[in-house]
Amino acid sequence: MDEEIIGLSPRFQQVLALVRMIAKSDSVTLIQGETGTGKEVIASAIHNQSSRRQGPFVKLNCAAIPGPLLESELFGHERGAFTGACVQTKGRFQMADRGTLFLDEIGDLPLELQPKMLRALQEQEFERLGSSQTIRVNVRVVAATNQDLSKLVANKQFRADLYYRLNVIPINLPPLRERVQDIPLLVEYFVKKLSARLNRSIDLIPGEVMEVLKAHDWPGNIRELQNFIERAVVFSPESVLRLPLTDLKLMTKQPSAAASRTLADAERDHILDVLKQTDGLIGGLGGAANRLGLPRTTLVYKMHKLGIEARRSHRSRLVQPAGDCIAAGRFGAVGSL
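Along every chain, residues carry numbers that run from 1 in the direction the sequence is written. The predicted origin of the model limits local features to residues at a pLDDT of at least 70 and limits the giving and counting of side-chain atom pairs to 80 or more, whereas totals for whole chains, interfaces and linings rest on all residues. Only heavy atoms go into the side-chain values, all of them from the structure, while hydrogens and water stay out.

A. View of helix H5 (residues 114-123). Listed as buried for H5 are Gln114, Lys116, Met117, Leu118, Ala120 and Leu121. Two residues qualify as a contact provided that any one of their heavy atoms is within 4.5 Å of a heavy atom in the partner residue. Elements are defined by DSSP. Helices are runs of H or I of four residues or more, strands are runs of E of two residues or more, and each kind is numbered from the N terminus. Buried residues belonging to H5 abut helix H3 (67-75), helix H4 (92-95), strand E5 (100-104), strand E6 (125-127), strand E8 (140-145) and helix H7 (160-166). At the exit of H5 stands glutamine 124, carrying a positive phi of roughly 55°. Only protein chains enter the accessibility calculation, which uses a 1.4 Å probe; a residue whose area is less than 20% of its type maximum is buried, one above 50% is exposed, and one in between is partly exposed.

B. Region of the structure containing the packing of aromatic side chains. Note on aromatic contacts: the rings of Phe and Tyr and the six-membered ring of Trp form a pair at centre separations within 6.5 Å, being stacked when their planes are under 30 degrees apart, edge-to-face when over 60 apart, and tilted otherwise. A complete count under the given rule lists seven aromatic pairs for this structure. With a centroid separation of 5.5 Å and 45° between ring planes, the pair formed by tyrosine 163 and tyrosine 164 is classed as tilted. Taken together through their ring pairs, the aromatic side chains of Phe75, Phe93 and Phe126 make up a single cluster. The criterion for a charge sitting over a ring is simple: Lys NZ or Arg CZ within 6 Å of the ring centre, and within 35 degrees of the ring normal. The ring of phenylalanine 12 is capped by arginine 179, whose NZ or CZ atom sits 3.8 Å from the centre of that ring.

C. Broad picture of helix H1 (residues 10-22). In this model H1 runs 19 Å from its N-terminal to its C-terminal C-alpha over 13 residues, within 8% of the 18 Å that 1.5 Å per residue would give. Residues Phe12, Val15, Leu16, Val19 and Ile22 constitute the buried set of H1. Buried residues along H1 cover an arc of 135° about the axis, so they all sit on one side. Those residues of H1 that are exposed and aimed more than 90 degrees away from the buried face are Pro10, Gln14 and Met21. Those residues of H1 that are buried are in contact with strand E1 (29-32), helix H2 (39-48), E8 and strand E9 (169-172). Here a helix's expected span is defined as the number of its residues, less one, multiplied by 1.5 Å. Of all possible arcs, the one meant is that of the directions from the helix axis to the C-beta atoms.

Written out as structure tokens, the structure is:
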């Protein structure tokens, strides 16, 4: 399957089994799931495993185009059909002939366009704007939405007949919070992919970092995780993946006691690591506060809160006192490493 389809969790494996089963058919498919769960990736996988894989895979986000222009985008227009229509233009249905048309955010399709969409699905025919000539196509439609179409139907915001026509084969994508065991696989994949793209060399993901990522509920799902990992790769100073301090407390809205300890430990370890890199220097251009992107007073406050004791030293190198503590530079960081 597509290399970006990553996951071994039972819920996700059920989705992939369904994709393999339905790919060979031409039935209309409706993919439902929260924002960022990978609906377009699943639609692409359906196309790539189908007999239409040599044909075009055409995409259209119904929410991204203003209503007055959407009909033209879908079905095309003739020259002079409206102001600015200087040439005849094919619509996405015609562009997808003998291939697959992916209609994202189908729940945002205007009511006035839904009868024409229903006819195109059922009869595989339509007319361009400004034309009476019927165009016939051979298109498989895969639609997707993050909305509950049945509720839209109940509220008379979506036609019931179109809903039933779209919902021939439903696929429900689980959110990332229900695929926790897939998070390490996705993190490793994104770190490798983004490190190469950003010309970084991240080759270690600390266990405490992975635990923090697994504890987060990821309301933005895979898209949010990918964006977060990109930010972490950019701000990781060396070959070890570090989480941006400014994001740590935003990772969970109401973390459990265990998750809170993990967040605090990860922040504490990160501060100690940066203090070691700066030989204990907190302020100034080469200091830990500057590297962490924090005001010096904020870093001192965090050190105090996390039990990283600030103590003056006449040496600029790290010294190891008795026990499992260290004194670092002008201000020593006391804590286990």
